[in-house]
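Descriptive structure summary
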Amino acid sequence: DARVTQTPRHKVTEMGQEVTMRCQPILGHNTVFWYRQTMMQGLELLAYFRNRAPLDDSGMPKDRFSAEMPDATLATLKIQPSEPRDSAVYFCASGSPSPFTAESQYFGPGTRLTVL
Amino acid sequence: AQSVTQPDIHITVSEGASLELRCNYSYGATPYLFWYVQSPGQGLQLLLKYFSGDTLVQGIKGFEAEFKRSQSSFNLRKPSVHWSDAAEYFCAVGAYNTDKLIFGTGTRLQVFP
């Protein structure tokens, strides 16, 4: 049963520290999404990639967030420096663009980030 | 711009009762509509989706949804709720040849025995 995996599942850190979250998309999926979920804002799209190239990162605070896909099996989301307002659950989802990715996004279990 | 509204933040039903979760969308073209479920501590799982054709769509876990263009709605239904259905439910809208989904704010379902 193919699944999206995310590590770590939980992260507690202090303000100002760097945080790196990792995602392994389903093998064969070439589109990867990063979402952030909070009580106040709900589910927000931060960025997404196709074939490892960033297509849209308009939802991501540029000054402290960065997203990359070093290779087809790994996507990373980094926050530097972290702030308490970054506390949220971060989800990765992967999809296949056939016929279009909105049809089939598969979500990982999420990384729960707490910034003290 | 696309948007999705889920008017009910929290719904409580008794086990065995019927369920309807509301979803209204705003989109200029033909929408592609989805319902996802999120159990506590888990990611989102696709319940069902509507692209075209029959406006009544069947999904997993006994759920169905009906697309009503005249009402811009895509309400989720289940005839008899089980305690394991307690979760958060998200409606989402997308468009053909696009990658992005717009999610509603979710409806939390509580089921009493």
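The preceding data block contains the structure.
These lines cover the structure that appears in this document, whether it is placed above or below. Everything numeric in this text was worked out from a predicted model, so none of it was measured. (Residues numbered from 1 in each chain as written. Chains lettered and ligands numbered in written order. Predicted model: local features only at pLDDT ≥ 70, side-chain atom pairs only at ≥ 80, totals over all residues. Heavy atoms only, no water.)

Here we take up the pairing of strand β5 (residues 32-38) of chain B. All names here are of chain B. Along β5, 7 of the 7 residues are buried, which leaves the element largely enclosed by surrounding structure. Of the two faces of β5, the one carrying Y32, F34, Y36 and Q38 and the one carrying L33, W35 and V37 are both buried. The sheet contact formed by β5 and strand β10 (residues 87-94) spans 7 bridges and is antiparallel. The partner of W35 across the bridge, within β10, is C91. Where β5 meets strand β6 (residues 44-50), 6 bridges bridge the pair, whose relative direction is antiparallel. (Buried < 20%, exposed > 50% of the residue type's maximum accessible area, 1.4 Å probe, protein only. Helix = DSSP H or I, 4+ residues; strand = E, 2+ residues; numbered from the N terminus. Pairing = 2+ DSSP bridges.)

The next subject is the sheet that holds strand β1 (residues 5-7) of chain A. All names here are of chain A. Judged by pairing direction, the sheet is antiparallel, and its 4 strands sit side by side in the order β1-β3-β8-β7 without closing on themselves. If you trace the sheet from one side to the other, it starts and ends with β1 and β7 (65-71), each paired once. Here the strands of the sheet are splayed against their neighbours by 20 degrees on average, with no regard to which way each runs. Of the pairings in the sheet, the one linking β1 to strand β3 (residues 19-24) comprises 3 bridges and is antiparallel in character. Bridge pairing in β3 links Q6 to C23. (Axes fitted to C-alpha atoms, helices over the stretch in contact; angles between N-to-C directions.)

Another aspect to go through is the state of the cysteines. Residues and elements named next belong to chain B. Counted according to the given criterion, the structure contains 2 disulfides over all chains. A sulfur-sulfur separation of 1.9 Å characterises the disulfide bridge that pairs C23 with C91. Between C23 and C91, the disulfide has an S-S torsion of -65 degrees and is therefore left-handed. Taken as a pair, C23 in the loop between β3 (19-21) and β4 (24-26) and C91 in strand β10 lie far apart in primary sequence, 68 residues in all. Across the pair, exposure class does not vary: C23 and C91 are buried alike. (Disulfide = S-S within 2.5 Å.)

Let us look at the interface of chain A and chain B. Contacts between the two partners involve 19 residues from chain A and, on the opposite side, 20 residues from chain B. Both faces considered, chain A and chain B share a buried interface measuring about 1,700 Å² in area, 55% of it formed by carbon and sulfur atoms. The interface formed by chain A and chain B holds 1 salt bridge in total. The salt bridge partner of A:D56 is B:K100, with a shortest N-O separation of 2.7 Å. At the junction of chain A with chain B, the criterion picks out 3 residue pairs in polar contact (both at pLDDT 80 or more). Going through the elements one at a time, β4 (31-38), β5 (42-50), β6 (53-56) and β10 (105-107) of chain A are the ones with two or more residues in the side of chain A that touches chain B. Among the elements that take part in the side of chain A that touches chain B, β5(A) stands out by supplying 4 residues, more than any other. Residue classes in the side of chain A that touches chain B are distributed as 11 nonpolar, 4 polar and 4 charged. (Contact = heavy atoms within 4.5 Å. Buried area = accessible area lost by both parts, 1.4 Å probe. Salt bridge = Lys/Arg side-chain N within 4 Å of Asp/Glu carboxyl O. Polar contact = N/O pair within 3.5 Å; in protein donor to acceptor, adjacent residues only side chain to side chain. Nonpolar A, V, L, I, M, F, W, Y, C, P; charged D, E, K, R; others polar.)

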